[in-house]
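Descriptive analysis of the structure
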Amino acid sequence: MAYCPFDFFSDRKKHNICLVGGGGKTTVMYELAAAWAACGRKVLVLTSTHILQPADGSFAADAAAVHNLWQQGRYAVIGTSEIATGKLTAPLQDLYEALQPQTDVILCEADGSRHHPCKAPATHEPVLLPDSDMVLAVAGMDALGRPLAQACQRPQPAAELLGCSLDSVIDEQMLTALLLSEQGARKNVGARAYYIVLNKCDLLKATQQEKLRQQLLAAGMDEHRIWLRERGE
């Protein structure tokens, strides 16, 4: 079962969680979905943007298929298929509204990063579910030490937010700013609970991990809402 240090993982409450940012959102989303399903929870996975349609049998075309997967102890992925791309977009509203009251945990990929480890949102991003109670912002540690133009999705708004050039090399302070700014990963979070997943921490030395953690704490982030995640956890 996937490791997750956050208190909400085992509180047995209903949750509707949106994932934003870059650097491994989809991996984190599916790992958490599988872990919750293994605990006997009814888990629904979807997107408000685009995700690849899974090939492992977890895609459910209708409510009956969702219930069948739940009965097998699996999570269910719903969405509207795009034949040309093989991707899923947001599910039909009627299907979502029918399943939402029956679901224990909803996980929604609400942002796109085109495989960049970090990002700044465009004006129309992220697409948070109105009924979501929680946001998980994900950033890949392979962003550190690389130029903003190379490692950041939408580098121009990121440069404007940070007050730097596109050639600037991303450091802990810059990544902290992207994660905590209301023009960055925290955009439109409002009153929702906000958590941060620092992904691929195995790429960093322990001193680097601690420096980034301290940067986040100094900027006001709750230490219990930061997950230093290594690949393969």
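Described below are features of the structure shown in this document.

Definitions and cut-offs
Residues numbered from 1 in each chain as written. Predicted model: local features only at pLDDT ≥ 70, side-chain atom pairs only at ≥ 80, totals over all residues. Heavy atoms only, no water. Helix = DSSP H or I, 4+ residues; strand = E, 2+ residues; numbered from the N terminus. Buried < 20%, exposed > 50% of the residue type's maximum accessible area, 1.4 Å probe, protein only. Contact = heavy atoms within 4.5 Å. Areas by Shrake-Rupley, 256 points an atom, 1.4 Å probe, with all protein chains shown as cover. Pairing = 2+ DSSP bridges. Axes fitted to C-alpha atoms, helices over the stretch in contact; angles between N-to-C directions. Core = buried A, V, L, I, M, F, W, Y, C linked by side-chain atoms within 4.5 Å. Parallel < 35°, antiparallel > 145°, perpendicular 65-115°, else oblique. Nonpolar A, V, L, I, M, F, W, Y, C, P; charged D, E, K, R; others polar. Polar contact = N/O pair within 3.5 Å; in protein donor to acceptor, adjacent residues only side chain to side chain.

1. Focus: the overall build of the protein
When its secondary structure is counted, the protein shows seven helices and twelve strands. Principal-axis analysis of the C-alpha atoms gives the protein an extent of 50 × 35 × 30 Å. Buried residues in the protein amount to 51% of all 233 residues. Excluding contacts between residues fewer than 6 apart, the proportion of contacts in the protein whose partners are at least 24 apart in sequence is 71%. Total accessible area on the protein stands at roughly 10700 Å², and carbon and sulfur atoms take up 50% of it.

2. Some points on the sheet that holds strand β7 (residues 105-109)
Taken together, the seven strands give an open sheet; going across it, the order is β4-β2-β7-β1-β9-β11-β12, and neighbouring strands pair in parallel fashion. Strands with a single pairing partner mark the edges of an open sheet, and in this sheet they are β4 (76-77) and β12 (226-228). Judged from the seven bridges that link them, strand β9 (residues 134-140) and strand β11 (residues 193-199) form a sheet pairing that is parallel. Considered in β11, the bridge of L136 is made with Y195. Against the sheet, helix α7 (residues 206-218) engages β11 and β12, with an angle of about 170 degrees to β12.

3. Observations concerning the environment of A177
Position of A177 among the secondary structure elements: in helix α6 (residues 172-180). We classify A177 as partly exposed; its relative accessible area is 27%. A177 sits 156 residues away from G21 along the chain, and the two C-alpha atoms are 13 Å apart. With residues near it in sequence (within four places) discarded, A177 still touches L161 and L162.

4. Side note on the nonpolar core
Counting residues in hydrophobic clusters, the biggest one holds 48 residues, and the most contacted among them are L44, M141, I170, L175, L179, Y194 and L198. In terms of residue count, the dominant contributor to this core is α6 (five residues).

5. Some details on the pairing of β9
A large share of β9 lies buried, amounting to seven of its seven residues. Sheet analysis places strand β1 (residues 15-21) next to β9, joined by five bridges and oriented parallel. In the sheet register, I17 faces β9, and the bridge partner there is M134.

6. Re the sheet that holds strand β6 (residues 87-89)
Read from one edge of the open sheet, three strands run β3-β6-β5, paired in antiparallel fashion. Each edge of the sheet is formed by a strand with only one pairing partner; in this case those strands are β3 (51-52) and β5 (80-82). Here β5 pairs with β6 via three bridges, running antiparallel. Counterpart to S81 in the pairing with β6 is L88.

7. Let's talk about the packing of helix α5 (residues 155-162) against α6
The geometry of α5 relative to α6 is characterised by a closest axis approach of 10 Å and an angle of 105 degrees between their N-to-C directions. As summarised for this structure, α5 and α6 are arranged roughly perpendicular, according to the angle between their axes. Contacts between α5 and α6 involve A158, L161 and L162 from the first element and M174, A177 and L178 from the second. Residues belonging to the contact of α5 with α6 are distributed by class as follows: six nonpolar, no polar and no charged.

8. Some words on unusual backbone geometry
With an omega of -10 degrees, the peptide bond running from E125 to P126 counts as cis. If you trace the backbone, P126 turns up in the loop between β8 (118-119) and β9. Even without a glycine there, the phi angle at R154 is positive, about 60 degrees. Along the chain, the position of R154 falls in the loop between β10 (152-153) and α5. Overall, the relative accessible area of 28% leaves R154 in the partly exposed class.

9. Let's talk about the side chain of R229
Residue position: R229 is located in the segment after β12. Only 2.5 Å separates the side chain of R229 from the side chain of N199, close enough to count as a polar contact. When sequence neighbours within four positions are dropped, the list of residues in contact with R229 reads T27, V28, E31, V197, L198, N199, K200 and C201.

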